[in-house]
Amino acid sequence: MANVTSTYPARAVRRPFVFRLYRAIIGDLGVAGFLFWLIILIVAAIFFGLPLLWLLLAPSKSDRELLSLSPLAFGSLGGYGQAWANLNTFNKGAITRWAFNSLLYSVSSLLISVLMTLPAGYALATSRFFGRRLILTLTLITMILPGSALVLPLFLEINAVGLVNTPWAVILPSAFFPFGVYLAYIYFAASLPKDLLAAARVDGANEWQLFRFLGFPLARTLLGLLTFLSFTANWNNYFLPFVMLNNTSLYNLPLGLQALITGTSALYPTFATDLPLKRPEAALTGLLMVLPVAIVFLISQRYVISGALAGATKE
Amino acid sequence: MNASGTVRPPARLRIRASHLFVLPYVIFLVLFGVLPGIMALVFSFSKFVGGRPQLFAAGLTNYVTVFSDFRFANAMKNMLNYLIISLPVGVIGVLLLALLLHARPNRFTAVMRTIYFVPGAVAGPAVVLLAIFMFDPNVGPFRDLLHVMGFEKVNDVVRDSRVPLLFTLISFFAGAGGWVAIFFGGLNSISQEIQEAAVMDGCSPPQVAWYIKLPLIRPYIAYMAILSFAGNIQLFAEPQLLARVQGATIGAYWSPNQLSYAFAFTLGNFGAAAALSLLMLAIGLLGAILVVRFTNLFRTDAIAN
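In this text the structure is predicted, and so the values were computed from the model without any measurement.

Q: Provide a residue-level description of the overall build of chain B, including the pertinent values.
A: Within chain B, the regular secondary structure consists of 14 helices and 2 strands. When the 305 residues of chain B are sorted by exposure, 47% land in the buried category. Within chain B, contacts between residues separated by at least 24 positions form 67% of all contacts whose residues are at least 6 apart in sequence.

This is the structure we're talking about:
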């Protein structure tokens, strides 16, 4: 699209291949401009790409190999197994429990939030009722409140009902997902034709039937977007579980990783220890935390952007 | 089909159904959004005795406590030092990458865009872990570069004076790709004709970028500035974890959020913690208002589509 053939006078003669190649690649940027363009993009690719590539390869090496081999060398497949086995010596297989907890918290919050988000967004978009404006306003306000400002009151609230140090302390507050409701609201408002709803009502369909047979089938894209946003946010959730949970067996992966960084000599051999926890084990924990979301990111790049854009144009 | 024109029973039915539809959400909205928000406000004026709140007993004492705490000025200074670097670097870097990518929308740039985007999956402690490895002149993929720059140990790299820069690198790594993608989307929505007309009039690619594309994606830039500002002042995991690893170089009260956490859970002063949280919220809102003012965010004629 940035192909600016129009600036050149039309010629009947076919230009030589080298010339056409030059114009396709360098074109209106000029040689200096093109080099600047290429170098910046490549440097950026190294900056963003190398750390993740390194993280993917690191657990294949032993701690000693991490220092001696080239940073991007591959150790062996057995290295991953060894690192995993070593990791499992920490608190009697705590890593498996943390991974399970991460999954449990993320999926539970996701299910609860989707179950209430879809009908709420649908109702807010399709009918006018008492309190609608108030709900929308409060949703927008809570959307911009930083999570950390609410964490302390949330702690006291959850503490008052005796749920601190239980999975619910993380699952329930995370299931509250105002951005999701807002997204569902604009989605239904834009994609459900008012006439269709009116026609179905005339034909005697009740509100539940309208939602079940008109709204819900239309919500596929929305569902994908909500799943992505809610799951990644919950999977990476750190501050809330950090405050709510102090029993290590309830930790999720972020908290477990934190425990590994601060509570062991995995990264810095500051004190002597019998645990075989070294850099490869720490890297493997990081990889376990990053990989699922990275894969989802790769698959759903388009969804993510449309979701973020939906937020960007909320004015 | 209804005989009585004034009363509309179906409408009333509809209202009841809608209320049922929103009920679960409203319960969560009140419990986990509105109530904690109000509690934070009330607590900031309350006194805590043995963990029990005495509502409104403190007046403004909590705010005075926060302001007069010797760590507060320090934390604010740290945050400011960080913002001064991270905001311009973030906005300009993202803008540059998006414009460069958009100069040639082809398969190569699509791959580049994806490479920039995927680190967005890395968050919280995982970012810090990765950063510790990257800053280590003996381990990471940049170790040769770090050696050339004269660093030998990770402690040489992670110095107090350099912490704002390091945090900027971290946040750019994890956050820039998403914004690049969003800006790119914004650039794609600019009409083809305007750009072609500019080229016809003799604009070079940088001129098209500066005079045509940049003004048209201004709302996205403002949006990013607001959210980055609000996000950057909430720094917690990074200093918290780098502090432990590095021993004394970064204190446990480096950022305002760490201080707020310490007020609550180390000192048991929930009132001061709430006051500080609200203060940060106010600063975030103030930043948003300034950006909106400064960039005429709501001047709708700038939106291309």
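Q: For the overall build of chain A, give the residues involved together with the corresponding values.
A: Counting its regular elements, chain A contains 16 helices and 0 strands. Within the span of chain A, comprising 315 residues, buried residues form 41% of the whole. The contacts in chain A between residues at least 6 apart in sequence include a share of 72% that link residues at least 24 apart.

Q: Which residues make up the packing of helix α8 (residues 163–188) of chain B against helix α11 (residues 218–232) of chain B, and what values do they have?
A: Helix-helix packing is characterised by the crossing angle of the two axes and by the distance between the axes. Residues and elements named next belong to chain B. At a closest axis distance of 11 Å, the pairing of α8 and α11 adopts a crossing angle of 160 degrees. What the angle tells us is that α8 and α11 run roughly antiparallel. In terms of crossing hand, the pair formed by α8 and α11 is right-handed. Judged by residue contacts, S171, W179, I182, F183 and G186 of α8 engage Y220, M224 and N232 from α11.

Q: So what's going on with the environment of B:A237? Which residues, and what values?
A: Following the sequence through the fold, B:A237 ends up in helix α12 (residues 237–246). Setting aside residues up to four positions removed in sequence, B:A237 forms contacts with A:Y238, B:G124, B:P125 and B:V128.

Q: Just give me the short version of unusual backbone geometry, but keep the residues and values in it.
A: Residues and elements named next belong to chain A. The residue N165 is not glycine, and still its phi comes out positive at about 70 degrees. Here N165 shows up in the loop between α7 (147–160) and α8 (168–175). A count of 14 C-beta atoms within 10 Å places N165 in the partly exposed class.

Q: Give me the lowdown on the interface of chain B and chain A, citing residues and values where you can.
A: At the interface, 81 residues of chain B touch 83 residues of chain A. Considering every element that reaches the side of chain B that touches chain A, the biggest residue donor is helix α1 (residues 9–43) of chain B, with 21 residues.

Q: How would you summarise the confidence of the model for chain B if you had to cite specific residues and measurements?
A: Residues and elements named next belong to chain B. Per-residue confidence for chain B gives a mean pLDDT of 86; residues scoring 70 or more make up 90%. Per-element confidence in chain B is highest for helix α3 (residues 70–103), whose mean pLDDT is 95, and lowest for strand β2 (residues 52–54), whose mean pLDDT is 77. In this model residues 1–8 is a low-confidence stretch, pLDDT under 50, and it forms 1 contact with partners more than four residues away in sequence or in other chains. Here residues 300–305 is a poorly scored stretch, pLDDT under 50, and it has 10 contacts once near neighbours within four places are set aside; other chains count. Two numbers describe this predicted complex: its pTM, 0.86, and its ipTM, 0.88.

Q: Can you break down the nonpolar core residue by residue, with the values?
A: Most often, soluble globular proteins have nonpolar side chains that are buried together. Within the largest apolar cluster, 176 residues are counted, with the highest numbers of intra-cluster contacts made by A:A184, B:A98, B:V180 and B:F183. Element by element, the count of residues in this core is highest for α8(B), at 15 residues.

Q: Describe the packing of α3(B) against α8(B), naming the residues involved and giving the relevant values.
A: Residues and elements named next belong to chain B. Put simply, α3 and α8 touch, their axes get as near as 8 Å, and they point 35 degrees apart. Of the two elements, α3 crosses α8, and the hand of that crossing is right-handed. Of the residues contributing to the contact of α3 with α8, the split by class is 18 nonpolar, 7 polar and no charged.

Q: Residues and numbers for the confidence of the model for chain A, please.
A: Residue and element names in this part refer to chain A. Per-residue pLDDT for chain A averages 86, and the proportion of residues at 70 or more is 89%. Taken element by element, the predicted model of chain A shows its lowest mean pLDDT in helix α16 (residues 301–312) (59) and its highest in α8 (96). pLDDT under 50 marks residues 311–315. Its contacts with residues more than four places away, or in other chains, come to 5 contacts.

So, how was this worked out
Residues numbered from 1 in each chain as written. Chains lettered and ligands numbered in written order. Predicted model: local features only at pLDDT ≥ 70, side-chain atom pairs only at ≥ 80, totals over all residues. Helix = DSSP H or I, 4+ residues; strand = E, 2+ residues; numbered from the N terminus. Buried ≥ 20, exposed ≤ 12 C-beta atoms within 10 Å, placed from the backbone. Contact = placed C-beta atoms within 7 Å. Axes fitted to C-alpha atoms, helices over the stretch in contact; angles between N-to-C directions. Parallel < 35°, antiparallel > 145°, perpendicular 65-115°, else oblique. Left-handed = near helix turned anticlockwise from the far one by under 90°. pLDDT = per-residue confidence, 0-100. Core = buried A, V, L, I, M, F, W, Y, C linked by C-beta atoms within 7 Å. Nonpolar A, V, L, I, M, F, W, Y, C, P; charged D, E, K, R; others polar.

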